[in-house]
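Read off the chains here:
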Amino acid sequence: MPEKLLEVNHLRTSFFTAEGEVKSVSDVSYYVNRGEVIAIVGESGCGKSVTQMSVMQLVQTPPGRIIGGEVMFDGKSLLEYDAKSKEMRAIRGAGISMIFQEPMTSLNPVLTVGEQLSDVICTHSHLSKKEAWKKGIEALAAVGIPEPEARMRCYPFEMSGGMRQRVMIAISVACDSKLIIADEPTTALDVTTQAQVMDLLIDMVHKYNKSLIIITHNLGLVTRYAQRVYVMYAGKIVESGTTEKILTHPEHPYTLGLLKSVPRLQDDKDEELVPIMGAPPVLSKLPQECAFLPRCVYACDTCRKEKCPELRQVGDGHFVACHINVRENGTGAAGTPKASGTVREDAGEKGEILLKIEGLKMHFPVTKGVFGVHAGTVKAVDDISFTIRKGETFGLVGESGCGKTTTGKCILGINQPTDGSIYYKGRQIAGISAREFAPYRREIQLIFQDPYSSLDPRNSVYSILREAIICDGVSKTQKEISDRIHELLRIVDLDPGMSQRFPHEMSGGQRQRLGIARALACNPEVIVCDEPVSALDVSIQAQIINLFKKIQRELGITYLFVAHDLAVVRHISDNIGVMYLGHLVEVTKSSDLYANPIHPYTQALLSAVPITDYYEEQKRERIILQGEVPSPMNMPKGCPFHPRCAYATEQCRKEVPRLREAGGGHLVACHCAVH
Amino acid sequence: GCGGSGSGSKGQEGTAAAVSGESAESAAGQMEAASDAKAGGTLKIGVNTECVHTMLSFDLTGAGVDYYYSWPVYESLFKPNAEGTVDPWLLEDYSYDPEALTYTFHVRKGVTFSDGTVLDAEAVKWNLDHYLEVGAKVEALLSSIESVEVVDEYTVQLNLNKWSSILPYAFSRECGYMFSPDFFEKNGEEYCKEHPCGTGPFELTSWDYDVSKTFTKRDDYWGGDVKLDSVEYIIYKDALVSSAALQSGEIDAILALNAESADALKAYGYDIKTCSVKSHSYLLCFNSLNKTGDDPTGDLKVRQAICHAIDTDALVQAVWGDYGDVRNQFGVGTHYYSEDVKGYDYDPEKAKELLAEAGYPDGFEISLKTEETSALKNAATIIQSYLAEVGIKVNLSILSGADANTAEAGWGEGMWLHGSSVYVSVPMQMASMFRQNLTGHVLGINNLLRPDDVEAALATSVMAADEDEAVKTVGEANRLLTDEYCIVYNLAEVATLFAVNDYVKDSGIGEVFYSVADLGNAWLDK
Amino acid sequence: MDNDFAKLQRETRKRNRKQALGIFFGRGIIVKLCTVVVVGFIFMAVFADWITPYDPAAQNLVEKLQTPSAAHWLGTDFLGRDVLSRVIYGGRVSMYVSLLSGSFAAVIGIGLGLVAGYVTGMVRRVIMGMTDIILSIPGMVFTLIIAAIMGTGVMSLTLAIGIGMIPTYIRMVNGLVLSLKENDYIVASKLVGRPESKILLKHLLPNAFPSLIVLYTINLGNAIMTESSLSYLGVGINPPTATWGNMVSDAYAYLLQAPWLAMIPGICIIILIISFNVVGDGLRDALDPRLRGKL
Amino acid sequence: MIKYVGKKIATAAVLILLVSFLVFILMQRLPGDPATIALGDAASAEAIQDYRNSYGLNDPVLVQYWNWITNIFLRWNFGKSILNARDVTTYINERLPNTISIGLPGLVFGVLAGIIVGIISAVKRGTWIDQGLTLIVNFFLGAPRFLVAIFGVIILGLQMHLIPLQGYTAPWVDFGEYVHKAFWPVVVNAIYTTAILARQTRSNMLEVINQDYVRTARANGLSEHKIIFKYTLKNALIPVITIIGLQMRNIVAGAVIIENVFNIPGIGQMLVSGIQQRDYFIVQGCVLIISMVTVFCNLFVDIAYGFIDPRVRKSMG
Ligand SMILES: Nc1ncnc2c1ncn2[C@@H]1O[C@H](COP(=O)(O)OP(=O)(O)OP(=O)(O)O)[C@@H](O)[C@H]1O
Ligand SMILES: Nc1ncnc2c1ncn2[C@@H]1O[C@H](COP(=O)(O)OP(=O)(O)OP(=O)(O)O)[C@@H](O)[C@H]1O
Ligand SMILES: [Mg+2]
Ligand SMILES: [Mg+2]
C-alpha cells in the first residue's frame, strides 16, 4: 500500500467561456498521505475548489474541461475513467467524499435528511433500505446530533446551519470514504459553531484514520488543524510545506502578504493592517511571467523577464515558486509587517454623546409559511442600552442571529422598535414617522451586511452614487455630480474607470467599497457598518478596515461597527458591546474586553477565534461551547446563555441578569461574573 | 333568425281542388312503386345546429333546422309541391267560399298520432285553436281566422273575418302541424316541449342535446309500412368535419350544406340536391325612408346607382356557384314572373352618372350590416368591393347571433343585406314584407319606404278574385319595388343544399322543398 | 481631467450597449433568424402599401381559388383576392392588434400591479380581488364576452384582447414587487431619501423587466392566437380587413379544396409567435447586465 | 390545517360570489335581446314583452341578480335556458362531466408529456435533441388550435382511418369507445399544455441542475438516474405546479374550440352559443360553475404544494 493516498500531478483545468480560456487550474501537483490533514489556502477565485472538483471529475462540462495531468487515488488513475462511468461513481462517496462550501444549499431542501443519508449509504453498500436507515441514525449520532431518530425525518430547513454542516459530515463519514475534502467547511458559520464543527470533523478523521483536505481562506483554521499547507495563487501552487514552516517562515511574497493582512486579537486598535496591494489576476488573461508580479513588493528584473517560476525546494519538504529569496534580499520595498498608523489617544471620553439607546426592544411577530399563521414572537432585540460619542466607534459583536443587524436597523428607522428610545443628538428618533425622520435621513447611513444585495444589479456605479448624491434635495449640475462621484471613488480607492460598471462586474471588495462610497455620499455623521468585511478574504478585509479608519480620521465620522469577528472589531472600535440572543451581555472599552473578558460567553467567543500565530495557537486553551444557539422564538427562561454556560447556577435559570458595572466602565450582565 | 313571413293572398278554387285530388293519388302510387325497397337500417343525417327552440310544434320559430327535425314526426294539413303550390296532406280535401268567408277541411281518415289517438276534427280544431292562441305567426298569417268549428267527426270549418287565400300555404308549415291533444293534456306543456307527438312515420325516442336525436319507426303509421328502423340526426358544428363524416360513411346525408362544402363534396363525386322550389332569397335593403335625412340612400338615384354598380351575375356565381339563381324580382320561375320588371344591369358608368346627378360625384361612406354566415359575409364583401369602384366606401359589420337579431330589429341606417327563407306563396311573402302598418320585427319596418301604390297593388293581389289579377298585381308590385322606388334590390334566390349518399333511396330530401321530406318511404340500398 | 471623466462615461456606456448587442446576437443562429423575421414582418407591415403587388381587397371573382403562379405568388382566395397582398396587409393588422393589445395590457397591468404591490389596504384589496375574479373566469370566455360587448371593430377587438390579458400582468408584477421590495437595494434607496414613486420607476420596474419582457412576448403571441380563435368563433374583425386570424378562419371552409389558403397565414402566425418568443428571451438576456461578462 | 382550509374555502366562496356578480353585470352589458331571438322575427311587441316578463328580464338588475343567485345557493337551481326553456342545472349536470372527461386527461397528459419533454431537453441541453424539442414546443405554442385539430381529423381520421372523425362517448358509458373517440381531442388539448410546461420545466430543471445539492448528490456517487428523478425533478416541479394551477382555467378555453370541432357536448360549446344567443342563464351558470371548478382546483393546487414542498407542509401545521 503506497503511503500517498491521493497524488495529483500536473493537473490542468480550464473553462472555455465567451471571454476566452479561463485557466482555473494550471499545472497543480500535490499529495495527501494516509491519515494526514492538509490545507489549501489562497485568495478567492484562485482555483482551490476547481482543483478538487477536477479530482472528482465534477467540473461542469461544458464549459469546463480537464486538460491534462494525472490523479492517482489509492493506486487507481482516476482521469482514465469517464466522468459518468461506474468506476468514477464508485470512487465518489466511497473513495473520496466532499463537504461543500455552503451547508445551506448543499442539502436538498425537499428531501428529508434521512432520505439523503440512506440514499448515499445504499449506493455504496449492499444494505437494505431499512438497514441503511439504521446506519444513518448511527452516523447522525456519531456527529453529535441529539435525537438522531427524529432528526432523520427532518428537512434541512428545519435545522440550523451548524447542524446542517454536521449532516454533511455525517454523510461523508457514513459512506466510509478514505479521503474527505472539506471545501471551506465553515465560512458560513459563526465562530463558536465553526469551532464545534471543525473539532468534530478532525475527531472523525482521527478516529477512522481518514485523510482530510481543508480548503479555506481562514489561516486560523489552517494553523489549528493542518499538518501541511499548499498555498495557491492564480491556478498554481506557489508554496507548500509543513504548517509550521509556512506560517513561521513564509518564502513566497504572496504568503507573506496574506499573513500580514490578518488582524490579530492582540493588536492595538490603531495599528494599520497591511493588505496585499492591487487586484487578483484575471484567470483568462494570465501573463507569461509570474502572476503575482503586479502586486509583488519584492519584484525585481528577473521576475519581469523570466517566465513564471517553477516550484523549488527551499527546505525540508518546503517548496516555493519564486525567483527571489524573500528572506534574504526582499526586505526593501513595503517592508515591515506592521506599519503603524497615526496613534490617537483614547477617544473614549472626548466628544459629546451622539447616539443614546435606551431599553431598545424589537420583537417580530412570526407568521409561518405562505399562509400567515401566527407562530410566535422573535425577540430579536430585547432591552439593550448603550451610548456612542461623536467621532467614536462602537463595536457590536456576537453570534449570527443575535440581533446586531436589527439593532442597526432600528437606529436607521428601517425597523420600528417595539419599545425603548433612541436619542440622536438628544432627540428621540425611535418610532417616528418617515416624514419626521426625513431631516436625519442624510445624517445616518448604513453600510449593508451583504454589499451585493444592497446594490441594484441594473444600476451602474455612476447611477448608484448619483442617487445618493442628489438625496439632499439641493439641485446640482451635471458637472457637480460628476465631480463628486469622481471624488468619492477616489476616497474609497476605486478606479474612476469603473463608474459605468455594474455591481456584478466588481469584486467583493470593490462592491463593499462602493457601498461605503454611497454611505459617504450624503456626508453622514453616523454610519452603521453592518459586518462590512465578513464576506471577504483577509487581504481585502485589511484594505477595507484601513479605509474605515482613514475616513474616520479625515472626516470625524461616528461608526456603529457590527461584526461577529472579534479580531476585526478589535481593530477598529473604541468600545465594544457583546450581544447574545438579543441581549447585551458585556460592554466595555475595546482593549479592556480583550484583556479581561468577564462574561462566560465573551470568553468562549474569544477563545473560539482561531488565530494565525502558529506557536500561540498550539498553546492556546479553548472553551468549546456546548449545544446549539437557542432559537430566538423560544428563549430560555432566565439568563439566555445559561443552557450553554458552564457556570450556570439556579439563579441563572430563573432571573435575567442586568448589565452591571464591574469596575472601570466595564459593564457585564452575569450573575456570577462579578466574583 | 331569418324566418320568412307572410300574409294574405288568394287561391283559386278549381286549381286547389284539382291539385289536391291528384296528389292524394300520387302519394299512394309512390308507395307501391317502391316494392324492391329493402327494410331496416338507420338513416343518419348530419345537421349543423340543434333545434332553435323546443320540438313542440306551437313553439317552432320557422328556422330552417326546425323543419328538418320535424320531418320524421310532424305532418301538416297541406304539403308544398314541386310546382310551388300546396296539396292537402293530413286532409282528404278541402273547399272554400270567398263569399261566405269560409274554408271547409275534410280530415284524412285513419291517421293516428304516435300515442295511438286518432286525428279527427276535434283534434284539428284543438290544434288550430291552440296555435291561434300561442303561435308565433298568428299575426302575420292567421289573423283573418275568426273561429274554428267542428262540423262532424272529420270535418272542420274555418270562419274568417276577411278573405285570405293564403291559408292553405300557411297550413303547409308549422301552423299546420298536428299535435296529439290527449298527449298534451295528459303530460302538460313542459313535457311536450321535449316529447313531440305528431302523426309522422317516426317518433322521437332519444334526444341528446347538441349531439343527436333518434327517431324510431312507428308500426301504426297511416301511410303504410315504414322501411327504416330509425332515423338519427347528428349535429356537426364544424362543416369540414361533417363533410369528412359523409365521406367516411359515418353519416348518410348532410342537410343545409354551405356552398364551399358542397363544391368540395361534388368534386368527390357526391350528388348535391337542390329543391325544385328555392328556399332562400337574398335582398339588399336600403334605408329608403331616411328618417334622419342624412343617409344618401334616401335618394332614389343613389339606390339605383348602387344597384347598377353591382355585377349580380358574378356575385351570385362567386358566392353560390351553381346553386344560386340571379333574380331581379320576387317569384322568378313561377307564373308570377313579370317581363315588365327591368331590374338593373351591371353598369358602373351609369352608376357614377347617377351618383353625380344625386350630388355625390365623389361618392360617400355608408354602412352595410349583415349576419355571420359564410354566404352573407362573402356577398357583403363582394358588394363592398364593387361599390368601392364607384367611389362608395362601405363599412361592413358582420354580426353574429343575437347581435344580428338586435341590429336587424333596430336597423336604422345605410344598407342591410338580408337573407330570408321563402314561403311557397309569392304574394304571401311580399305582403308580409312590404305592406303598410306591419308590426313585429318585420324586415326594415322603420326604414323601408312603404308607398301607397305598392300597398294598393299588394292589397289587391291578396284580395284578387282570380289568378290573372293576382299575377298582374304581383308583377306591378315587383316593378314598383324594384324599378320605380328601388326599395330593395333582389340579388339571388338560392336553394338549400343537401348532400345525400346514393344508397339513400326515396327519401324526398332536397326534392321538392326544404321543409318537407318523405322519410316514411326512405330506404337504404346497402 | 473632468473632460476625461465625461469621455470615459460615454465610452463605457457605449461599450455596455455593444456588449448587450453582442449577447443578444451571440445566442446563435435562431435568434438572428427570428430577429430577421420580426424586423421583416414589421417592415412588411409598415411598407405594405409599397410592396404589395395588389390591393388586398381587390377582387377578381373569375380568378378565384387559383394555385400559386407568377402573377399571384401565393395564389388567390375564394373571392379572387391576391393572397400575398392579403398576407402582407393581414400581418399589419395582426401585429397591430397584438402589439397594441399587448402594450395596452402591459401598461395598465404593470401600473396596477405596481400600485397593488406597493400600497396596502383597500386599494390593494380591490385590485387584487378584481384580478382573482377575472383569473377564475376562463380567459377565452372572458375575452369572448368582452368582445361581444364591445363589437367587432379592430379597435374594440384589440381592447377586448387587451383587457383579457391585464390580470396576468397584475398578478405577475404584484408578485415581483412583493419579492423585489424586500431587497436591500430598495432599502438603500429609501435610506438616501428617495421618494417611493422614484423607487418604483428607477429600481422596481427595471428589475422586474426580465420577467415582464418574457410575459409581454408570450402575450403578443397569445393575442394573435386569440384573434384567430375569435375569428373562428365568428367574433373576429370585419371584412375586407385581412388579419392572419380571419384569413385562417375564412379559409378554413376551403381546407379541402385549397389547403394552402389556411396554411399560409397559419404558418405566418406560427413563425411570428416563435420569433416573438425567441426575441423576447434574447432581449431578456441582453438587458440583463449580469450576463455581460464577469470580472 | 383545518383553520387554513376553512379560511381558504371562505375566501373561495367570496370569490365565487364576486365572480357571479361580475358575470351578471357583463351579461347585462351585452347588446341584443334574447326575447327577439327566442321568438323570431315575426313576433309582436306584446309577445316579446310577455316573454321578457316571464323570464323576469324586465325586473331591476339587482332584483334579477338576487333572484338568480339565491336560487343557485338555496336551491342549486341555475334557472332556465331562455331559448329552449331547459333547466340550466340539467344542462350543466350533463355537460360538465363531459368537458372534464376531455379536459382533465388533456391536462394530465399535457402535464406529464410537458414534464418529460422538459426533462429530456434539460438533460440534453445544447444538443440537437434539445434544439429540436424546443422548436417543436414553440411550434405548438404558435399553432392555432382548430387547425391542429382539423388536420388531425383529416389526416388521421379521414385518410388513415386511425381515429373516428368526431363524436363523444362518456367513459362511464363505454370506456373503450371513449378512449377511441376522445383520443385526438385529448391530444389536441394536451399539446398546448405540453408546450407551456415543457418550457417551464426545462428552465426550472436547468436552474436546479446547477444547484449545490445536486452537485452534492453527484459527489456522493449517486446514479445519474436518481439524481435527475429524485434530486432534481422534485425541486424543479414546485414552480411548475403554479403553472398547472393556472392551466386549470384553460381547460375550458381549450374546450370552446375542441368541442366545436369534435362535437363534444360540453360546457364550452354551450357557453359560446350561449354568449352568441344571449342566453343569460346558460352563460351565467356556465361561467359560475367553471369558476367554481377553477377556484376548487386552485385550492387543490395549494394543498398539492404541501405534498411536494415540505417547507409549505410544515407551515400548514
Ligand atoms: N463554471 C465556470 N465557468 C467559468 N469559470 C469558472 C467556472 N467555475 C469556476 N470558474 C473560474 O475558475 C476560477 C477558480 O474558481 P474556484 O471556484 O476554484 O475558486 P476558489 O479558489 O475556490 O475561490 P473561493 O475561495 O471564492 O471559493 C475562478 O476564477 C472562477 O471564475
Ligand atoms: N423582519 C423580521 N421578521 C422576523 N424575524 C426577524 C426579522 N428580522 C430579523 N429577524 C430575526 O431576528 C433575529 C436577529 O436577526 P439579525 O439579523 O439582527 O441578526 P444578526 O445579529 O445581524 O445576525 P448575522 O450575524 O447573521 O447577520 C434573527 O433570529 C432573525 O431571524
Ligand atoms: Mg471555492
Ligand atoms: Mg446581521
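Residues numbered from 1 in each chain as written. Chains lettered and ligands numbered in written order. Predicted model: local features only at pLDDT ≥ 70, side-chain atom pairs only at ≥ 80, totals over all residues. Heavy atoms only, no water.

The helix and strand inventory of chain C stands at eleven helices and zero strands. Helices and strands appear in chain C in the N-to-C order α-α-α-α-α-α-α-α-α-α-α. Each of the three principal axes of chain C carries a C-alpha extent, and together these read 75 × 50 × 25 Å. The long-range share in chain C, meaning contacts at least 24 apart out of those at least 6 apart in sequence, stands at 69%. Of the charged side chains in chain C, 25 are positive and 17 negative, and the gap between their average positions amounts to 9 Å. (Helix = DSSP H or I, 4+ residues; strand = E, 2+ residues; numbered from the N terminus. Contact = heavy atoms within 4.5 Å. Lys, Arg positive; Asp, Glu negative; His and termini not counted. Charge placed at Lys NZ, Arg CZ, Asp CG, Glu CD.)

Here the focus is the site of ligand 1. All names here are of chain A. Taken together, 15 residues sit near ligand 1, with S24, S44, G45, S49 and V50 positioned nearest. Measuring from an oxygen atom of ligand 1, one finds a backbone N or O atom of K48 at 2.8 Å. Separating an oxygen atom of ligand 1 from a backbone N or O atom of V50 is a distance of 2.8 Å. Burial of ligand 1 by the protein chains amounts to 70% of its free accessible area of 640 Å². (Near = heavy atom within 4 Å. Polar contact = N/O pair within 3.5 Å; in protein donor to acceptor, adjacent residues only side chain to side chain. Areas by Shrake-Rupley, 256 points an atom, 1.4 Å probe, with all protein chains shown as cover.)

With that settled, consider the interface of chain A and chain C. Taken residue by residue, the interface counts 38 residues in chain A and 33 residues in chain C. In this assembly, chain A packs against chain C so that about 3,100 Å² is buried in total across both faces, 55% of it on carbon and sulfur atoms. Looking at the side of chain A facing chain C, the largest losses of area belong to R458, E467 and Q500 of chain A, adding up to 24% of the total buried there. On inspection of chain A and its partner chain C, the count reaches one salt bridge. One salt bridge connects R194 of chain C with E467 of chain A, and the closest N-O pair in it is separated by 3.3 Å. Run the count over chain A and chain C and you get nine residue pairs in polar contact (both at pLDDT 80 or more). Listing elements by their share of the side of chain A that touches chain C, those giving two or more residues are β18 (444-447), α16 (461-469), α17 (478-491) and α18 (508-521) of chain A. Residues belonging to the side of chain A that touches chain C are distributed by class as follows: 16 nonpolar, twelve polar and ten charged. (Buried area = accessible area lost by both parts, 1.4 Å probe. Salt bridge = Lys/Arg side-chain N within 4 Å of Asp/Glu carboxyl O. Nonpolar A, V, L, I, M, F, W, Y, C, P; charged D, E, K, R; others polar.)

Counting from both sides, the interface comprises 42 residues of chain D and, opposite them, 42 residues of chain C. Between chain D and chain C, the buried area comes to about 3,600 Å², and carbon and sulfur atoms account for 77% of it. Run the count over chain D and chain C and you get zero salt bridges. Elements with a contribution of two residues or more to the side of chain D that touches chain C: α1 (2-29), α6 (128-142), α7 (145-159), α8 (175-209), α10 (224-262), α11 (267-277) and α12 (280-308) of chain D. When residues in the side of chain D that touches chain C are grouped by element, the largest group, nine residues, is from α10 of chain D. Taken together, the residues of the side of chain D that touches chain C sort by class into 31 nonpolar, seven polar and four charged.

The next subject is the arrangement of the chains. The pair of protein chains exhibiting the most contacts, out of five pairs of chains in contact, is chains C and D. Spatially, chain A and chain B are disjoint, and the shortest separation between their C-alpha atoms is 44 Å.

Attention shifts here to the nonpolar core. Formed by 307 residues in total, the largest nonpolar core has its most connected members in F105, L158, F171, Y233, L284 and W320 of chain B together with I150 of chain D. One finds A132 and I171 of chain A together with Y213 and I238 of chain D within the second-largest nonpolar core, a separate group that totals 136 residues. (Core = buried A, V, L, I, M, F, W, Y, C linked by side-chain atoms within 4.5 Å. Buried < 20%, exposed > 50% of the residue type's maximum accessible area, 1.4 Å probe, protein only.)

All names here are of chain A. Taken together, 14 residues sit near ligand 2, with S400, G401, T405, T406 and Q449 positioned nearest. Backbone polar atom of C402 to an oxygen atom of ligand 2: 3.2 Å apart, as the coordinates give it. In the environment of ligand 2, an oxygen atom lies 2.8 Å from a nitrogen or oxygen atom belonging to the backbone of K404. Only β14 (373-389) and α14 (404-411) provide two or more residues apiece to the shell around ligand 2. Residue contributions to the shell around ligand 2 peak at three residues, all from α14. Split by residue class, the shell around ligand 2 holds five nonpolar, seven polar and two charged.

Looking now at the sheet that holds strand β24 (residues 667-668) of chain A. Residue and element names in this part refer to chain A. Taken together, the eight strands give an open sheet; going across it, the order is β18-β19-β20-β15-β21-β22-β24-β23, and neighbouring strands pair in mixed fashion. Edge positions in the sheet fall to β18 and β23 (660-661), since each has one partner strand and no second. Where β18 and strand β19 (residues 526-530) come together, four bridges link them in parallel fashion. Along β19, the bridge assignment pairs Q445 with I527. (Pairing = 2+ DSSP bridges.)

Functional significance is not addressed by these values, which are geometric in nature.
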